[in-house]
Amino acid sequence: MVDALDRFARDFAAGTVLFHEGQPGDYMYVVQHGEVEIRRQVGETERVLAVLPPGEFFGEMAILNGRPRSATAVVRTNARLLVIEGKTFEAMMRARPEIALRIIKALASRLEHANQHIELLLLPTANHRVVQCLRHMAEEQIGLAGSAHNHETAILVPKRLEDIAARVGLPLHEVSEVVDRLRASRLVLLTDDAGIEGDGFIVPEVGRLLEFLEFLTLKDRFGV
C-alpha cells in the first residue's frame with residue numbers, strides 16, 4: 001500500500017504555502033515527513049490553529065463539500081506530502097472502506113477539538129483559559145498513554161507556550177504570566193524545572209488543576 005501511494009509523494013520546502021483560505025480546493029494532503037501549519041485569519045491577525053505531524057491529513061473538506069478552503073496551509077519544516085487529487089480521493093474512499101472509516105473518526109475527533117476550542121475562547125479570563133487548556137492537553141496525554149496514567153499521576157505535556165497561546169487565543173506574554181503563577185503554586189512545572197530535556201510542561205496532578213478551575217469559577221461568580 002505504501003509503495004502504491006509513493007507516486008503521490010512530493011517534497012516541499014519550509015515556508016511553502018500549499019493553499020490559501022478562500023481558494024477552491026482540488027487536492028487533499030497526507031503528511032509523510034515534516035510538519036504543516038494550518039492558519040486562519042482572525043480579524044487582522046493570522047493565527048495558527050494546528051500543527052500537523054506525520055500521519056495527519058488535511059484539505060479533504062474542500063473536496064467533500066465543494067466549498068472554498070476554510071484555512072491556509074503552510075509547510076512548517078521541510079516536508080514530504082502525499083498530494084491526492086479529488087477524484088482519486090473519492091475513488092479511494094469507495095474502494096477502501098477502512099480509509100473512509102479513518103476519515104470519519106478523524107473528523108469526529110476534530111469536531112471534539114473544535115468544541116473544546118470554542119469552550120476555551122468563551123471562558124472569561126486568561127487564568128481560566130490557560131488552566132483549562134493545560135487540563136485538556138494533560139488529558140490528551142492520559143488518553144494516549146491508556147491505563148498507565150490517571151488524574152493523580154504526573155503527566156508530561158510536550159507542548160510549548162506558543163502552542164497554548166494558539167489554542168486559547170491570547171498573546172504569548174499573557175500565557176507566560178499565567179504559567180508563571182501556576183509554577184509558583186507548583187500546579188505546573190516546566191521540563192527545565194525537572195531537569196528534563198526538550199520543551200514541555202509537567203502537570204503533577206490533573207486533579208489539582210480541576211480543583212483550581214473550580215476555585216477560579218467560584219471566585220469569578222461570587223468575588224471570593
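The structure displayed is predicted, hence computed values, not measured ones.

So, how was this worked out
- Residues numbered from 1 in each chain as written.
- Predicted model: local features only at pLDDT ≥ 70, side-chain atom pairs only at ≥ 80, totals over all residues.
- Heavy atoms only, no water.
- Pairing = 2+ DSSP bridges.
- Helix = DSSP H or I, 4+ residues; strand = E, 2+ residues; numbered from the N terminus.
- Axes fitted to C-alpha atoms, helices over the stretch in contact; angles between N-to-C directions.
- Parallel < 35°, antiparallel > 145°, perpendicular 65-115°, else oblique.
- Contact = heavy atoms within 4.5 Å.
- Nonpolar A, V, L, I, M, F, W, Y, C, P; charged D, E, K, R; others polar.
- Salt bridge = Lys/Arg side-chain N within 4 Å of Asp/Glu carboxyl O.
- Buried < 20%, exposed > 50% of the residue type's maximum accessible area, 1.4 Å probe, protein only.
- Expected span 1.5 Å × (residues − 1).
- pLDDT = per-residue confidence, 0-100.

K.L.:
Teacher, can you tell me more about the sheet that holds strand 7 (residues 72-75) here?
P.N.:
Strand pairs in the sheet, formed through backbone hydrogen bonds, run parallel or antiparallel to each other. As summarised here, the arrangement of the four strands in space is 2-7-4-5, forming an open sheet in which the pairing is antiparallel. Looking at strand neighbours, the two that pair on one side only are strand 2 (17-19) and strand 5 (45-52), the edges of this open sheet. When the angles between neighbouring strand axes are averaged without regard to direction, this sheet yields 30°. Bridge count between strand 2 and strand 7: two bridges; the pairing is antiparallel. In the sheet register, F19 faces strand 7, and the bridge partner there is A73.

K.L.:
Explain the packing of helix 3 (residues 86-95) against helix 4 (residues 97-122) to me, please; I cannot follow it from the model alone.
P.N.:
Packed helices, taken two at a time, are described by the angle their axes make and the gap between the axes. Taken N-terminus to C-terminus, the directions of helix 3 and helix 4 make an angle of 105°; their axes are 5 Å apart at the nearest point. Between helix 3 and helix 4, the crossing angle belongs to the class labelled roughly perpendicular. Residues F89, M92, M93 and A95 of helix 3 touch helix 4, and the partners they reach there are P97, I99, A100 and I103. Considered class by class, the residues forming the contact of helix 3 with helix 4 number eight nonpolar, no polar and no charged.

K.L.:
I tried to follow unusual backbone geometry on my own but got confused; where do I start?
P.N.:
The phi torsion at R186 lies on the positive side, around 60°, for a residue other than glycine. By secondary structure assignment, the location of R186 is in the loop between helix 7 (172-184) and strand 10 (189-190).

K.L.:
How should the pairing of strand 4 (residues 36-42) be read in this particular structure?
P.N.:
Each regular strand shows side chains that alternate between the opposite faces of the sheet. Strand direction decides the pairing type here: strand 4 and strand 5, joined by seven bridges, are antiparallel. Paired with V36 across the two strands is L52, which belongs to strand 5.

K.L.:
Got a minute to help me understand the pattern of salt bridges in this structure?
P.N.:
Two side chains that carry opposite charge are able to pair once their charged atoms sit near each other. In this structure the tally under the stated criterion is eleven salt bridges. Here R76 and E35 are joined by a salt bridge, their closest N and O atoms 3.7 Å apart. Placement of the pair is R76 in the loop between strand 7 and strand 8 (79-85) and E35 in the loop between strand 3 (27-33) and strand 4, with a sequence separation of 41 residues. Its salt-bridge partner being R96, residue E98 comes within 2.4 Å of it at the nearest N-O pair. Using a relative accessible area of 40% as the deciding quantity, one classes E98 as partly exposed. Linked through salt bridges whose partners overlap, the residues forming this network are E35, E37, R39 and R76.

K.L.:
Explanation requested: helix 4 in the structure shown.
P.N.:
Because each turn of an α-helix spans 3.6 residues, side chains separated by three or four positions end up pointing in the same direction. The first and last C-alpha atoms of helix 4 sit 38 Å apart over 26 residues, in line with the 38 Å expected at 1.5 Å per residue. Listing the buried residues of helix 4 in full gives I99, A100, I103, A106, Q116 and L120.

K.L.:
When you look at the confidence of the model for the protein in this model, what are you seeing that I'm missing?
P.N.:
Confidence in the prediction for the protein averages 83 pLDDT; 91% of positions are at 70 or higher. No element of the protein has a lower mean pLDDT than helix 1 (residues 2-5), which averages 60, and none a higher one than strand 2, which averages 96.

K.L.:
Looking at this model, I keep getting lost on the packing of helix 4 against helix 6 (residues 161-168). Mind explaining?
P.N.:
It is the contact of helix 4 with helix 6, at a shortest axis distance of 8 Å, that shows an interaxial angle of 85°. When the interaxial angle is binned, helix 4 and helix 6 end up roughly perpendicular. Judged by residue contacts, H117, L120 and L121 of helix 4 engage A166, R167 and V168 from helix 6.

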